[in-house]
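# Structure at a glance
One letter stands for each residue in the lines below.
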Amino acid sequence: MSKILITCAITGSIHTPSMSPHLPVTADEIATQSIEAAEAGAAILHLHARDPETGRPSASPEHFMAFLPRIQAATDAVLNLSTGGSAVMTLDQRLAAPRKVAPEMCSLNMGTMNFALYPAAARITDWKHDWEKPFLENSDDLVFKNTPRDIATILEDLGQARGARFEFECYDLSHLTMLRHFADRGLVQPPFFIQFVFGVLGGMAAEPENLTHMVRLADKLFGEDYMFSVLAAGRHQFPMATMAAAMGGHVRVGLEDNLMLSKGVMARRNAEQVEKIRRIVEDLGRSPATPDDAREMLGLKG
Ligand code: KMH
Ligand code: ZN
């Protein structure tokens, strides 16, 4: 089997500071946890920014630039910038930093969907910041907008014009069809790196049958031209990633997707989750890819 790509998603835009004291939000915390995750074996770092004062998800290029050069100076990990940002942001806001930075890799969400965070809000009693409760509760009525025109804009602006390649975030079967559509239009070339996303309220559930069916359909649509990775939200993170690794796929971990290390134990650093999945995949006989392996496997500009 080919080497396994371990992606670590450092902070995201779903979890909030009241959910975990270990969620990195300042530039210092994001840079330090990213560097540690790379040292632990993550070839790819998936990055969002936060307002350092409040921990609120941010799309500001200034907030990104406060940590990106530090990570670049300390590691050769592939930096993958989010184009999803947060569902409350406009597309132009989401693309401000990737347009400026022209990274070798970006995420690309392959369809419009619900993205409800309300269940997470229900568990919290002690709020650190005023913005968190309404942010989480309002997500109950939020549409994460990724229309075909939005997707085309991202492919043209970041892919064709700036040379980025993509982590195609597919939360459902229909998102594979959407990717096939853009491949047929010639806006994106293989190999396709497809991230199957499980356990978001609005996307497919974290069920083994869903993973096997996604692989079956992707085989049919893309043949040899794709590789898949798996991320699953919350407690499903390690079981689904382990299943992906056993099937020859790739894995994503990180505090963006899950704040815990195991049942009842919070992850204190992103690197702890990377170390854990690394142990699991090595026990399964897989070897983690280095950042240069990742560049070659994914056809990145470097
Ligand atoms: N938060 C994940 C479920 C993005 O940044 O573009 C999906 C994600 C979206 O990573
Ligand atoms: Zn993300």
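Placed above this text is the structure.
Keep in mind that this is a model prediction, so the values were computed, not measured.

## Description of the site of ligand 1
Inspection of the region around ligand 1 gives 14 residues, with His-48, Ser-82, Ser-107, Asn-109 and Glu-256 positioned closest. Within the side chain of Ser-107, one N or O atom sits 2.6 Å away from an oxygen atom of ligand 1. Its residues placed into classes, the shell around ligand 1 shows five nonpolar, six polar and three charged.

## Thoughts on the coordination of the zinc ion (ligand 2)
The protein atoms that coordinate the zinc ion (ligand 2) are His-46 (NE2), His-48 (NE2) and Glu-256 (OE), at distances spanning 2.1 Å. Counting gaps between the donor residues of the zinc ion (ligand 2) yields the pattern H-x1-H-x207-E. Its relative accessible area of 5% is what places His-48 among the buried residues.

## Points about the packing of aromatic side chains
Using the criterion set out here, one finds nine aromatic pairs in the structure. A connected cluster of aromatic rings, assembled from ring pairs, spans Phe-166, Phe-168, Phe-192, Phe-222 and Tyr-226. Its end group placed over the ring of Phe-238, Lys-276 keeps NZ or CZ at 4.4 Å from the ring centre.

## Quick notes on the sheet that holds strand S5 (residues 78-81)
Neighbouring strands of a sheet are bound in pairs by backbone hydrogen bonds; such pairs are parallel or else antiparallel. Spatially, the eight strands close up into a barrel ordered S1-S2-S5-S6-S9-S10-S11-S12, and their pairing is parallel. Geometrically, the sheet is characterised by an average inter-axis angle of 25 degrees between neighbouring strands, direction not taken into account. By the bridge criterion, four bridges tie strand S2 (residues 44-47) to S5 in an arrangement that is parallel. By the bridge assignment for S5, Leu-47 is matched with Leu-81. In the packing of helix H8 (residues 173-184) onto the sheet, the strands contacted are strand S9 (165-170) and strand S10 (192-198), and the crossing angle to S10 comes to about 160 degrees. Against the sheet, helix H9 (residues 208-222) contacts S9, S10 and strand S11 (226-232), and its axis sits at roughly 155 degrees relative to S10.

## Examining the pattern of salt bridges
The final tally for this structure, using the stated rule, is 16 salt bridges. Ionic pairing is found between Glu-256 and Arg-252, a salt bridge with its closest N-O pair at 3.2 Å. A single burial state applies to Glu-256 and to Arg-252, both of which are buried. Here Arg-295 ties to Asp-292 by a salt bridge, and the two come within 3.2 Å at their closest N and O atoms. Note that Arg-295 and Asp-292 are positioned in helix H12 (residues 291-298) at a spacing of three residues, about one turn of the helix. The exposure class of Arg-295 is buried, given its relative accessible area of 15%. Shared partners join several salt bridges into a network, and the residues in it are Glu-167, Glu-169, Arg-252, Glu-256 and Asp-257.

Calculation notes
Residues numbered from 1 in each chain as written. Chains lettered and ligands numbered in written order. Predicted model: local features only at pLDDT ≥ 70, side-chain atom pairs only at ≥ 80, totals over all residues. Heavy atoms only, no water. Near = heavy atom within 4 Å. Polar contact = N/O pair within 3.5 Å; in protein donor to acceptor, adjacent residues only side chain to side chain. Nonpolar A, V, L, I, M, F, W, Y, C, P; charged D, E, K, R; others polar. Donors = N, O, S within 2.8 Å, 3.2 Å for Na, K, Ca; no water. Buried < 20%, exposed > 50% of the residue type's maximum accessible area, 1.4 Å probe, protein only. Phe/Tyr/Trp six-rings, centres within 6.5 Å; stacked < 30°, edge-to-face > 60°. Lys NZ or Arg CZ within 6 Å of the ring centre and 35° of its normal. Pairing = 2+ DSSP bridges. Helix = DSSP H or I, 4+ residues; strand = E, 2+ residues; numbered from the N terminus. Axes fitted to C-alpha atoms, helices over the stretch in contact; angles between N-to-C directions. Contact = heavy atoms within 4.5 Å. Salt bridge = Lys/Arg side-chain N within 4 Å of Asp/Glu carboxyl O.

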